[in-house]
Amino acid sequence: MDTTALIMLIYVLVLASFLGFELITKVPPTLHTPLMSGSNAISGITIVGALIATNEMGFTTLSKWLGMLALVLATINVVGGYAVTDRMLKMFKKK
Amino acid sequence: MDTTALIMLIYVLVLASFLGFELITKVPPTLHTPLMSGSNAISGITIVGALIATNEMGFTTLSKWLGMLALVLATINVVGGYAVTDRMLKMFKKK
Amino acid sequence: MKVGVLKETKDYELRVALSPDVVKLLKKKEFDVVIESGAGDGSYFSDSDYEQAGALVGPASAVFESDILLKVNPFTVEEIGQMKENAACISYMYAYQFPEMIEALNKKSISSFSMDAVPRISRAQKMDALSSQANLAGYKAVLLGANHLGKIFPLMMTASGTITPAKVLIFGAGVAGLQAIATAKRLGALVEVTDVRPETKEQVESLGGRFLTVEGAEGVKIEGGYAKEVSAEFLEKQQQLIREKIKEADLVITTALVMGKKSPILVTEDMVKSMKTGSVIIDMAVESGGNCELSEKNKTVVKHGVTLVGESNLPSLLPVNASNLYAVNISTLLLHLANRDGFQLDMEEEITKGVLITHRGELVHPFTKSILSK
Amino acid sequence: MKVGVLKETKDYELRVALSPDVVKLLKKKEFDVVIESGAGDGSYFSDSDYEQAGALVGPASAVFESDILLKVNPFTVEEIGQMKENAACISYMYAYQFPEMIEALNKKSISSFSMDAVPRISRAQKMDALSSQANLAGYKAVLLGANHLGKIFPLMMTASGTITPAKVLIFGAGVAGLQAIATAKRLGALVEVTDVRPETKEQVESLGGRFLTVEGAEGVKIEGGYAKEVSAEFLEKQQQLIREKIKEADLVITTALVMGKKSPILVTEDMVKSMKTGSVIIDMAVESGGNCELSEKNKTVVKHGVTLVGESNLPSLLPVNASNLYAVNISTLLLHLANRDGFQLDMEEEITKGVLITHRGELVHPFTKSILSK
Amino acid sequence: MSNIIQLAYLIAAILFVLGIKFLGKTKDARKGNMLSAVGMLLAIVATLIDLNLATFPEMLACLVVGGGIGLYYAKKVEMTQIPEMVALFNGFGGLASLGVALSDHFLKTEILAVEIDTVNSVSIIASVLIGGVTFTGSVVAWMKLNGKISGQPITFKGQHALNLGLLLTFLTVAVFTFLYQDDPMYITILVVISLLVGILVVIPIGGADMPVVISLLNSYSGMAATATGFILNNNVLIVAGSLVGASGIILTQIMCKAMNRSLMNVLLGGFGQTTTSGPQDGPQIVVKEVGVEEAAMLFDSASSVIVVPGYGMAVAQAQHVIRELMEQCEKRNIQFRFAIHPVAGRMPGHMNVLLAEANISYDKLIEMDEINDDFSNTDIVFVVGANDVVNPAARTNPQSPIFGMPILNADKARTVIVSKRSMGKGYAGIENELFGYPNCLMLFGDAKQTITKVVGELKEMS
Amino acid sequence: MSNIIQLAYLIAAILFVLGIKFLGKTKDARKGNMLSAVGMLLAIVATLIDLNLATFPEMLACLVVGGGIGLYYAKKVEMTQIPEMVALFNGFGGLASLGVALSDHFLKTEILAVEIDTVNSVSIIASVLIGGVTFTGSVVAWMKLNGKISGQPITFKGQHALNLGLLLTFLTVAVFTFLYQDDPMYITILVVISLLVGILVVIPIGGADMPVVISLLNSYSGMAATATGFILNNNVLIVAGSLVGASGIILTQIMCKAMNRSLMNVLLGGFGQTTTSGPQDGPQIVVKEVGVEEAAMLFDSASSVIVVPGYGMAVAQAQHVIRELMEQCEKRNIQFRFAIHPVAGRMPGHMNVLLAEANISYDKLIEMDEINDDFSNTDIVFVVGANDVVNPAARTNPQSPIFGMPILNADKARTVIVSKRSMGKGYAGIENELFGYPNCLMLFGDAKQTITKVVGELKEMS
Ligand SMILES: NC(=O)c1ccc[n+]([C@@H]2O[C@H](COP(=O)([O-])OP(=O)(O)OC[C@H]3O[C@@H](n4cnc5c(N)ncnc54)[C@H](OP(=O)(O)O)[C@@H]3O)[C@@H](O)[C@H]2O)c1
Ligand SMILES: NC(=O)c1ccc[n+]([C@@H]2O[C@H](COP(=O)([O-])OP(=O)(O)OC[C@H]3O[C@@H](n4cnc5c(N)ncnc54)[C@H](OP(=O)(O)O)[C@@H]3O)[C@@H](O)[C@H]2O)c1
Ligand SMILES: NC(=O)c1ccc[n+]([C@@H]2O[C@H](COP(=O)([O-])OP(=O)(O)OC[C@H]3O[C@@H](n4cnc5c(N)ncnc54)[C@H](O)[C@@H]3O)[C@@H](O)[C@H]2O)c1
Ligand SMILES: NC(=O)c1ccc[n+]([C@@H]2O[C@H](COP(=O)([O-])OP(=O)(O)OC[C@H]3O[C@@H](n4cnc5c(N)ncnc54)[C@H](O)[C@@H]3O)[C@@H](O)[C@H]2O)c1
């Protein structure tokens with residue numbers, strides 16, 4: 001990876017991290033768990049990595065199998081994460 | 001400019017804008033003017049552009065002269081901006 | 001100038017025109033002060049208190065030597081007789097009620113100033129004895145009522161059952177009425193109030209009372225902050241509303257006065273009959289005829305199971321405060337009118353014009369004249 | 001079972017043992033109730049009110065036929081003489097003071113229950129007439145005091161000068177004392193309080209009073225929430241503190257009782273002398289000897305310029321509330337002891353044990369025995 | 001990568017930002033979750049477009065299997081078990097990151113046989129460490145929470161030394177991994193160590209602190225995704241990962257603060273028991289505490305409130321601030337009443353005097369007999385410095401000195417919040433088992449001070 | 001560009017972020033300004049390193065001249081003139097962006113003679129437009145503020161149509177600029193139009209709204225910097241520019257909200273007069289309003305406060321919330337007292353009753369005669385629903401019906417804040433010129449409601 005590209009990535013990393021800090025300031029305690037769960041689902045973005053890792057022909061390599069394992073796990077995380085968060089949040093609706 | 005580079009720049013633009021939005025949430029009214037003045041000084045970052053524009057040999061081209069004009073103005077903005085902001089803020093110190 | 005203070009002679013009167021504190025003030029302004037011996041006893045001001053403040057204490061005869069005589073109650077014809085010619089006097093006068101007093105004053109060419117005629121303007125508030133005394137009366141009326149009542153005022157939820165709050169119904173939200181509201185609220189009662197002046201609603205509510213609005217409140221004439229005259233129609237509507245409310249009241253306090261007139265009858269015998277046994281009425285207007293048909297001046301009577309208190313001189317039941325405040329009022333007026341060298345009357349000035357009743361052997365007060373000439 | 005209520009015969013007593021509301025309750029529990037004609041007059045309960053509630057109203061003789069007799073004040077020997085053999089009675093008894101009453105009861109083998117002996121446990125709070133009446137007395141004491149005082153309670157800043165708030169000094173923060181604090185505070189006074197039980201400090205402050213802490217407060221014996229006995233040393237230190245405070249007080253209310261004993265003298269003649277002229281002392285302990293040396297039972301006297309109120313029966317001055325609450329107390333005790341079929345006494349049960357004075361011709365109450373045997 | 005995909009990633013990143021932003025606001029939380037899910041879908045679809053069609057079947061299979069499992073458990077799990085579920089999902093996320101990193105490592109070393117450059121190498125190693133720790137740490141947290149292992153902190157001597165040793169070993173082996181990229185042994189050791197560290201780090205922490213731990217591990221899994229992003233030179237991974245990483249840290253800190261703990265304190269372990277009633281004799285009552293913020297949320301979402309004032313309200317002089325609470329509630333159209341027990345306080349009418357002083361109108365004060373049946377239909381009973389007058393022992397325990405005294409049926413309400421300073425007893429000097437009831441929450445602290453804070457929170461919410 | 005410079009830019013960007021963050025917090029604002037200044041220095045130095053040494057002299061000259069001018073005016077300007085100064089500086093920033101864009105345009109078209117690609121072209125045009133508008137707009141704002149032109153909104157018929165026409169022309173010419181890059185005419189037209197638009201947009205806005213306009217133009221100058229960043233493919237310009245652009249928009253909105261206006265409302269112009277006392281007869285009193293937030297800040301920074309309660313406090317029943325204000329102030333060790341005028345309210349002792357109800361202890365209530373000399377040493381006098389009792393006409397105007405009545409010397413305090421609902425008169429029915437005094441600020445609204453908000457703000461600040 002050339003350094004200019006790396007620096008661009010670091011820019012993105014830094015700005016996104018700042019943004020992450022700023023976004024969460026005052027969260028009411030009832031939202032702690034949903035927020036955790038919802039952002040956990042976002043961290044399932046590794047699924048993109050897993051897809052790329054799975055994108056290899058044949059089933060002979062370790063890397064392929066690892067990619068597939070990762071893909072299954074990441075999908076659980078993503079789908080389960082979003083679904084359970086939504087379930088929780090539905091409950092908070094005021095009667 | 002190639003598109004990948006452009007997209008990276010847009011990432012930076014988007015993230016920084018979000019960050020700008022999030023950073024300013026509740027500002028007490030007394031800080032409105034200093035904040036405005038202080039961030040105005042930051043927008044004097046065009047000075048970097050002006051430096052680059054001035055970086056041309058000889059004094060014959062329009063672009064050089066424009067660059068130098070820009071440089072003077074940007075410097076006024078930067079130096080004056082920081083100085084006046086600081087002056088204001090010094091006054092807020094509690095006795 | 002020599003200022004003299006007589007001992008009050010009226011029955012049940014405990015007040016005195018000057019307090020030792022105010023004597024000190026007058027001494028500072030270089031007035032001489034003579035106090036009749038024992039004048040302050042009712043207010044717990046002893047002769048020696050006065051002496052320490054710088055006054056001379058002596059018999060009445062010494063006091064009558066003064067240039068200016070001060071009292072709370074109107075001077076009697078007899079007292080006037082003992083005054084020096086061309087002297088001056090200040091006291092409550094209610095001059096329109098006492099033509100013989102005016103005559104006596106004029107005979108001796110005495111300048112007389114009436115405390116009850118101080119105009120109710122901002123500048124004169126410090127001389128306004130009507131307000132200062134009415135205020136105390138409002139407080140005392142509630143205390144008297146609470147004391148005559150067989151129940152307590154506040155809501156109380158106890159192991160032996162709940163005591164419901166007493167209901168107090170107040171007629172008139174003038175100075176006395178407002179203080180009565182405040183005091184009754186403080187003690188925890190539910191307070192309802194009626195008045196003919198619509199602007200009193202806000203004032204009543206600012207003290208936590210409930211204002212009973214008479215629908216169709218036309219026909220109320222207000223003059224200089226006083227309720228001047230009320231239309232018969234209004235009075236009837238008001239009575240109708242009251243008739244309902246009074247049945248539930250434990251304590252009724254009436255304060256409605258109409259300046260220079262007999263006070264309106266607001267509580268009729270029928271209404272009294274409709275009230276609960278054991279309830280109490282304090283008629284603060286009893287001096288000028290009473291707001292209740294059945295109340296009797298200076299007596300506490302029980303009629304139709306209702307206790308009617310006709311105390312005509314409530315401020316005198318708080319003599320310490322009442323004398324102190326009156327002393328401030330009368331001395332402020334005195335200092336407004338005179339300095340150590342004598343009276344400096346500016347006949348065009350509003351306060352002077354307002355309070356001066358007789359001067360140089362003549363009745364000069366327009367309002368008094370207008371009433372007496374009827 | 002037939003329950004009878006006699007008219008009170010004691011002077012100045014306006015209370016009655018049952019209210020119409022409570023009569024209704026007893027009827028629902030299938031008791032018969034007879035009321036002596038006119039018994040409720042003092043509390044504004046008419047005979048017809050009782051009849052409407054389901055009671056029979058008759059002459060005293062009819063009442064004496066009842067199985068259980070109820071009263072507020074102790075039954076007189078004469079009254080006991082008219083009761084049925086083996087009947088029962090409930091009232092205040094203060095049995096340790098009246099050996100002749102006990103004798104009379106035993107002679108007729110009457111079971112007697114004393115309202116003043118209800119144990120102060122949570123369960124019995126609804127029967128606790130001492131508390132319910134003391135509470136009212138505390139309120140009334142302040143009102144009486146405020147009425148006797150020549151000043152108003154609250155701070156008032158007016159155009160005619162500032163009236164400083166009255167200072168109220170309260171001895172004893174029991175039930176009556178606490179209610180007195182609350183009432184005086186409500187009216188705007190500055191309230192200072194002294195008590196021997198240290199835990200009352202918090203309670204006083206919870207009502208906005210200032211607690212005067214006696215340094216070195218050892219020697220106070222507390223038994224079942226009562227101040228039992230106080231060491232001489234403590235009393236002296238307390239007096240010293242009080243001596244300072246009492247000079248500035250406008251109103252002093254004393255409530256200190258020691259169960260079964262003469263009440264302690266807290267305000268000496270010297271102290272009274274040191275007080276301001278015009279100040280007032282309400283001695284709520286006057287019945288059991290008084291907390292003030294100079295107070296006289298059932299009289300209002302002025303000594304050394306101080307008004308001393310020795311009203312021994314304050315609750316009776318609020319007859320409506322007092323009777324209502326007392327009726328709840330006594331009926332709750334009655335229903336605890338008996339049902340329509342007669343008494344169901346469980347001699348081991350704490351309340352029964354506490355209130356039963358004489359039974360089957362014998363004095364069975366241990367505390368009364370212990371005092372009388374001295 | 002084609003531009004269109006890059007653009008899709010950019011939009012996905014924006015959606016994640018908005019998603020997290022909204023998830024922090026009660027009103028918009030659900031919308032936030034939706035937005036970020038759409039972002040995720042967009043990222044996945046865009047990635048798929050870019051990939052080799054031939055590998056599509058197995059990808060689909062994995063997606064279906066994973067999606068099915070995730071959906072199944074998300075639906076099936078009971079509400080009370082959600083925290084454990086989140087822990088487990090999070091662990092899977094960590095393991096996935098580890099998997100991707102390993103996959104890339106082996107792809108490059110074994111199949112492509114290229115040299116892995118420094119950036120990539122560091123990224124892979126970071127991904128392995130963070131992913132591994134996240135995985136086993138989350139699994140331990142999950143087991144602690146659902147009781148598969150004890151919630152008690154498990155500590156042993158030399159624990160910290162062991163952790164330090166493992167970390168040093170990891171760093172050393174990491175260097176070898178970089179130098180001898182072809183030897184799979186080194187990377188395997190790294191995997192093992194990270195898994196071990198995850199276990200060791202979480203077991204000494206008590207069950208009650210698990211939510212904080214999970215939040216922290218959640219932040220880690222975000223960082224792992226960021227590392228993966230660096231491996232794959234992929235912006236959306238970096239943005240999403242660092243968003244989660246940073247917001248997770250902040251959330252963790254907020255949670256610690258809400259528990260009145262520092263993060264360090266939590267991580268050093270050995271804490272995190274449920275609060276008990278201190279060192280008193282008799283059967284200990286286990287209570288649940290509630291913070292002012294949460295109490296405010298409870299009021300905010302109630303539709304009826306009954307306040308039970310007691311002597312403690314008088315001591316704290318909390319009557320004025322209770323009126324403020326009333327005003328806040330009434331602004332929200334919440335029914336607000338006071339239940340006055342006849343002997344609350346220390347004198348008859350004690351509560352009446354104080355509430356009148358605070359200008360609370362008489363018609364809001366309801367007698368015990370009148371209100372006692374209403375408690376069961378009430379959302380929140382707020383017991384302010386009362387104790388004996390709501391002690392169920394008066395109904396149930398004939399031994400109790402207050403047996404037979406009528407009490408307020410506060411315990412019958414949906415939720416009971418009790419404001420008092422401690423587990424101190426009331427006038428009668430007896431324990432109150434109401435405080436341990438499942439519907440009871442303790443709001444400890446001086447009544448005036450805590451309620452002032454609750455009112456402050458409520459004001460902010462509106 | 002060398003990596004070291006890129007790194008310097010990254011750090012500068014981070015410093016800008018922190019700088020803006022801290023500038024929003026009273027405590028850290030100065031530090032924030034410092035941080036961002038350091039970032040700026042870093043960016044400049046890094047840039048210089050990268051450049052041609054031969055051009056250094058003229059750069060230095062420009063820097064010295066610009067810096068000198070900036071510093072001189074920053075030092076010299078009076079505190080009251082700072083807003084105009086900021087406007088002017090901001091305009092220079094805009095013009096600088098325009099200059100850089102033009103310079104780049106001519107460099108490429110005339111010297112290098114290369115084709116300008118789309119991205120660059122769009123960036124240049126955007127930079128010209130935004131820079132130009134910022135410049136002339138700021139200059140107009142500056143002139144309005146310092147009175148060089150009237151603060152009155154200048155409106156004429158067809159204003160909006162003209163603006164629209166100019167904008168359409170701009171777009172058209174922009175296309176030509178892109179197509180015929182060599183012809184300097186087109187870009188010149190663009191410059192002229194943008195300068196014109198800047199003037200036209202700002203003149204219809206009233207002087208009182210200028211701060212909002214300046215804030216908006218500040219945000220624009222940030223955007224212009226961003227555009228410049230795209231021209232030069234420079235990250236730090238983009239980060240700094242978009243930070244300022246976005247935060248400026250938010251700040252503008254906050255300022256509008258504080259003035260109870262919408263941004264649209266401000267921009268459409270014709271508003272923005274100073275509030276006057278409505279359509280009453282007699283000489284109109286011009287008053288200054290204060291918002292609850294600012295009022296809270298004033299209390300926060302005071303060291304002594306005197307409250308003057310009047311009849312309006314009673315009407316609003318604000319006594320309880322005033323006690324809360326007292327508690328907040330006393331927590332900050334601010335001396336807090338009440339000045340009781342003998343005839344405040346409508347009955348003797350009216351204020352005493354209410355303040356006693358609110359449990360305010362007697363020793364905080366000071367009589368008029370005792371406190372009247374203390375006003376001049378007091379930071380804030382807070383007049384709550386009082387009017388006649390603080391009316392200086394009683395001292396100065398023999399014609400006034402209250403002449404001769406002793407009044408509270410509230411006007412002598414450093415700052416007077418008056419809480420009332422409107423310019424309504426008091427009992428005496430006369431105007432109160434105190435409200436127009438330079439040290440007097442009106443806090444309009446029902447006393448209870450507004451003070452509740454002030455207390456809320458104070459609670460948040462601590
Ligand atoms: N009403 C009467 O006439 C009367 C007379 C005498 C006795 N009693 C008896 O008094 C009792 C009254 O019951 P209750 O429920 O009102 O009171 P309680 O049972 O005495 O309980 C009061 C509670 O308030 C808490 N507390 C004290 N200060 C506090 C503060 N500053 N902030 C928050 N909480 C505080 C205490 O717990 P912490 O220490 O943990 O904070 C205590 O547990 C009954 O047992 C009754 O029989 C009543
Ligand atoms: N104390 C007495 O014994 C007595 C008796 C009779 C007359 N007075 C007279 O009454 C006056 C008393 O002076 P003052 O200064 O107390 O009162 P004031 O001069 O009558 O002024 C009261 C002010 O309160 C404002 N106000 C009303 N409701 C409000 C609310 N809800 N929130 C905020 N502000 C509110 C009104 O202005 P907005 O309408 O703009 O809100 C009004 O200007 C004197 O003139 C005195 O002479 C006194
Ligand atoms: N500016 C000043 O300095 C000043 C000073 C004192 C009083 N005042 C004003 O003067 C007013 C009158 O004061 P006052 O107490 O001497 O009044 P008052 O004693 O003459 O009357 C008492 C009250 O009774 C009311 N009333 C009359 N007839 C009634 C009826 N039929 N039914 C019910 N209510 C009836 C009156 O409206 C008045 O409110 C005060 O309220 C005050 O506003 C002004
Ligand atoms: N649990 C219950 O049901 C219940 C019911 C009622 C009362 N009580 C308790 O019983 C206590 C006593 O009640 P009471 O009003 O009948 O008491 P009381 O009438 O016997 O005494 C009144 C007060 O005077 C105080 N006192 C005694 N000697 C004193 C001295 N020398 N100086 C100053 N103060 C002195 C006592 O401490 C007491 O507070 C109450 O405070 C209450 O706590 C409990």
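Within every chain, residues take consecutive numbers counted from 1 along the sequence as written. Starting at A for chains and at 1 for ligands, labels are handed out in the order in which the entities are written. With the structure being a predicted model, the display of local features is reserved for residues of pLDDT at least 70 and the display and counting of side-chain atom pairs for 80 or more, all residues being used for whole-chain, interface and lining totals. By convention in this description, side-chain values take in all heavy atoms of the structure and omit both hydrogens and water.

- Looking up chain E in an unreviewed UniProt entry gives the name NAD(P) transhydrogenase subunit beta, with the organism given as Algoriphagus sanaruensis.
- In UniProt, chain E has this text filed under Catalytic activity (unreviewed entry): "NAD(+) + NADPH + H(+)(in) = NADH + NADP(+) + H(+)(out)". UniProt positions are given in the numbering used here, feature names are shortened, and annotations may be inferred rather than shown by experiment.

- The name given to chain C in an unreviewed UniProt entry is NAD(P) transhydrogenase subunit alpha part 1, with the source organism recorded as Algoriphagus sanaruensis.
- Per UniProt, chain C carries the Catalytic activity (unreviewed entry) text "NAD(+) + NADPH + H(+)(in) = NADH + NADP(+) + H(+)(out)".

### Quick look at the overall build of chain E
Then comes step 1: Going along the chain from the N terminus, every DSSP run of H or I of four or more residues is numbered as a helix, and every run of E of two or more is numbered as a strand. Check the secondary structure of chain E and you find 17 helices and seven strands.
Then comes step 2: Viewed in the frame of its principal axes, chain E has a C-alpha envelope of about 90 × 55 × 35 Å.
Then comes step 3: The 462 residues of chain E split such that 58% are buried.
Then comes step 4: Here the analysis covers contacts within chain E between residues at least 6 apart in sequence; of these, 75% occur between residues at least 24 apart. Buried, partly exposed and exposed residues are distinguished by accessible area as a fraction of the type maximum, computed with a 1.4 Å probe on protein chains only: under 20%, between the cut-offs, and over 50%, respectively. Residue contacts are defined here by distance: any two heavy atoms, one from each residue, within 4.5 Å place the two residues in contact.

### So, the overall build of chain C
Then comes step 1: Within chain C, the secondary structure is distributed over 13 helices and 21 strands.
Then comes step 2: The size measure is the radius of gyration over C-alpha atoms, and the globule rule it meets is 2.2 Å times the number of residues to the 0.38 power. Taken over C-alpha atoms, the radius of gyration comes to 22 Å for chain C, in line with the 21 Å a tight globule of 374 residues would show.
Then comes step 3: Projected onto the principal axes, the alpha-carbon positions of chain C cover approximately 65 × 50 × 35 Å.
Then comes step 4: Considering chain C as a whole, with its 374 residues, one finds that 60% of them fall into the buried category.
Then comes step 5: Of the contacts formed within chain C by residues at least 6 apart in sequence, a portion of 64% connects residues at least 24 apart.
Then comes step 6: Accessible surface for chain C amounts to roughly 14,000 Å². Of this, 50% is attributable to carbon and sulfur atoms.
Then comes step 7: Charge counting treats Lys and Arg as positive and Asp and Glu as negative, with His and both chain ends excluded. For charged residues, the charge sits on one atom: NZ in Lys, CZ in Arg, CG in Asp, CD in Glu. Across chain C, the mean location of the 41 positive side-chain charges is 3 Å away from that of the 47 negative side-chain charges. Surface accessibility in these figures is a Shrake-Rupley result with a 1.4 Å probe; residues are shielded only by whichever protein chains are displayed.

### Quick notes on the interface of chain A and chain E
Then comes step 1: Counting from both sides, the interface comprises 77 residues of chain A and, opposite them, 95 residues of chain E.
Then comes step 2: The three residues of chain A that bury the most area against chain E are M36, I45 and R87 of chain A, which together make up 9% of that side's buried surface.
Then comes step 3: Basic side-chain nitrogens of Lys or Arg form a salt bridge, by our definition, when they fall within 4 Å of a carboxyl oxygen of Asp or Glu. Summed over the shared surface of chain A and chain E, the result is two salt bridges.
Then comes step 4: N or O atoms closer than or at 3.5 Å make up a polar contact, with two conditions inside protein: a donor-capable atom paired with an acceptor-capable one, and, for residues adjacent in sequence, both atoms drawn from side chains. Summed over the shared surface of chain A and chain E, the number is 14 residue pairs in polar contact (both at pLDDT 80 or more).
Then comes step 5: When residues of the side of chain A that touches chain E are traced back to their parent elements, those giving at least two are α1 (3-23), α2 (32-43), α3 (46-54) and α4 (62-92) of chain A.
Then comes step 6: Broken down by element, the residue count for the side of chain A that touches chain E peaks at 28 residues, all from α4 of chain A. A quick way to say it: buried area is the sum, across both parts, of accessible area lost when two parts are put together, with a 1.4 Å probe.

### Quick notes on the domain arrangement of chain C
Residues and elements named next belong to chain C.
Then comes step 1: Domain borders in the structure are assigned automatically or taken from a domain database. Domain boundaries in chain C define domain 1 (2-117 + 320-372) and domain 2 (134-312).
Then comes step 2: With seven residues of domain 1 at the interface, the matching set in domain 2 holds five residues.
Then comes step 3: Across the domain 1 to domain 2 interface the summed buried area is about 510 Å²; carbon plus sulfur atoms make up 67%.
Then comes step 4: On the domain 1 side of the interface with domain 2, the three residues burying the most area are Y12, Y96 and F367, jointly 52% of the side's total.
Then comes step 5: One can count one salt bridge joining domain 1 with domain 2.
Then comes step 6: Residues K10 and E287 are paired through a salt bridge, measuring 3.9 Å at the closest nitrogen-oxygen approach.
Then comes step 7: There are zero residue pairs in polar contact (both at pLDDT 80 or more) connecting domain 1 and domain 2.
Then comes step 8: The element that contributes the greatest number of residues to the side of domain 1 that touches domain 2 is helix α11 (residues 319-337), accounting for three residues.
Then comes step 9: Three categories are distinguished: nonpolar for Ala, Val, Leu, Ile, Met, Phe, Trp, Tyr, Cys and Pro, charged for Asp, Glu, Lys and Arg, and polar for the others, with Gly belonging to the last. Partitioning the side of domain 1 that touches domain 2 into residue classes produces five nonpolar, one polar and one charged.

### Here we look at the pattern of salt bridges
Then comes step 1: The final tally for this structure, using the stated rule, is 67 salt bridges over all chains.
Then comes step 2: For K27 of chain D, the salt bridge identified is with D32 of chain D, shortest N-O distance 3.7 Å.
Then comes step 3: Assessed through its relative accessible area of 42%, D32 of chain D is described here as partly exposed.
Then comes step 4: A salt bridge links D300 of chain F to R332 of chain F; the nearest nitrogen and oxygen atoms lie 2.5 Å apart. In this pair, D300 of chain F sits in helix α11 (residues 292-301) while R332 of chain F sits in the loop between α13 (319-331) and β3 (335-340), placing the two residues 32 residues apart along the sequence.
Then comes step 5: Since its relative accessible area comes to 18%, R332 of chain F is described here as buried.
Then comes step 6: The structure contains a network of salt bridges with shared partners spanning E324 and K459 of chain E together with E324 and K459 of chain F.

### A look at the interface of chain C and chain F
Then comes step 1: If you look at the interface, chain C gives 14 residues, while chain F gives 19 residues.
Then comes step 2: Surface buried jointly by chain C and chain F totals about 1,400 Å² across both partners, of which 58% is contributed by carbon and sulfur atoms.
Then comes step 3: Applying the counting rule to chain C against chain F returns zero salt bridges.
Then comes step 4: Applying the counting criterion to the chain C and chain F interface returns five residue pairs in polar contact (both at pLDDT 80 or more).
Then comes step 5: For the side of chain C that touches chain F, the secondary-structure elements that each account for two or more residues are α7 (175-186) and α8 (200-206) of chain C.
Then comes step 6: No other element matches the five residues that α7 of chain C contributes to the side of chain C that touches chain F.
Then comes step 7: Residues that form the side of chain C that touches chain F fall into these classes: four nonpolar, six polar and four charged.

### Here's the deal with the domain arrangement of chain E
Then comes step 1: As assigned here, chain E comprises domain 1 (1-76), domain 2 (88-275) and domain 3 (292-461).
Then comes step 2: Centre-to-centre separation of domain 1 of chain E and domain 3 of chain E, based on C-alpha positions: 48 Å.

### Quick word on the UniProt feature "transmembrane region" (unreviewed entry) in chain E
Then comes step 1: UniProt records the feature "transmembrane region" (unreviewed entry) for residues 6-23, 32-49, 55-73, 85-102, 122-142, 162-180, 186-205 and 237-256 of chain E in the present numbering.
Then comes step 2: End C-alpha to end C-alpha, residues 122-142 of chain E measures 30 Å, and it is 100% helix and 0% strand.

### Some words on the sheet that holds strand β4 (residues 68-70) of chain C
Then comes step 1: When DSSP finds two or more bridges between two strands, those strands count as paired. Across the sheet, which stays open at both edges, the eight strands sit in the order β3-β2-β1-β4-β5-β6-β20-β21 (chain C) with mixed pairing between neighbours. Bordering the open sheet on either side are β3 (56-58) and β21 (362-363) of chain C, each of which pairs with just one other strand.

### Things to note about the site of ligand 1
Residues and elements named next belong to chain E.
Then comes step 1: Residues in contact with ligand 1 amount to 28 residues; listed here are only the nearest, N387, D388, R421, S422 and D446.
Then comes step 2: Within the contact set of ligand 1, an oxygen atom lies 3.0 Å away from a backbone nitrogen or oxygen of G345.
Then comes step 3: Here ligand 1 has 920 Å² of accessible area as a free molecule, and 93% of this is covered by the chains.
Then comes step 4: Broken down by secondary-structure element, the contributors of at least two residues to the shell around ligand 1 are α12 (311-316) and β6 (415-420).
Then comes step 5: Counting residues per element, the shell around ligand 1 draws most heavily on α12, which supplies four residues. Being near a molecule or strand, for a residue, comes down to having at least one heavy atom within 4 Å of it.

### Observations concerning helix α5 (residues 99-107) of chain D
All names here are of chain D.
Then comes step 1: Where α5 is concerned, the buried positions are M101, I102, A104, L105 and N106.
Then comes step 2: Along its buried surface, α5 packs onto α4 (77-82), β5 (88-91), β6 (111-114), β20 (356-359), β21 (362-363) and α13 (366-372).
Then comes step 3: Two residues or fewer past α5, S109 is found with a positive phi of approximately 55°.

### Regarding the site of ligand 4
Then comes step 1: Ligand 4 sits among 24 residues. The nearest are R120, V175, D195, R197 and Q238 of chain D.
Then comes step 2: Among the chains of the assembly, those with residues near ligand 4 are chains D and E.
Then comes step 3: Note that an oxygen atom of ligand 4 is positioned 2.4 Å from one of the side-chain N or O atoms of R120 of chain D.
Then comes step 4: Considering ligand 4 on its own, with 840 Å² of exposed area, one finds that the protein chains cover 92% of that surface.
Then comes step 5: Listing elements by their share of the shell around ligand 4, those giving two or more residues are β13 (226-230) and α9 (232-246) of chain D.
Then comes step 6: Among the residues forming the shell around ligand 4, the class breakdown is 12 nonpolar, eight polar and four charged.

### Comments concerning the sheet that holds strand β6 (residues 415-420) of chain F
All names here are of chain F.
Then comes step 1: Overall, parallel pairing links the seven strands, which are arranged β1-β7-β6-β5-β2-β3-β4 in an open sheet. Pairing within the sheet leaves two strands with one partner each, and these edge strands are β1 (288-289) and β4 (365-367).
Then comes step 2: Judged from the three bridges that link them, β3 and β4 form a sheet pairing that is parallel. Across the sheet, I340 pairs through a bridge with E367, a residue of β4.

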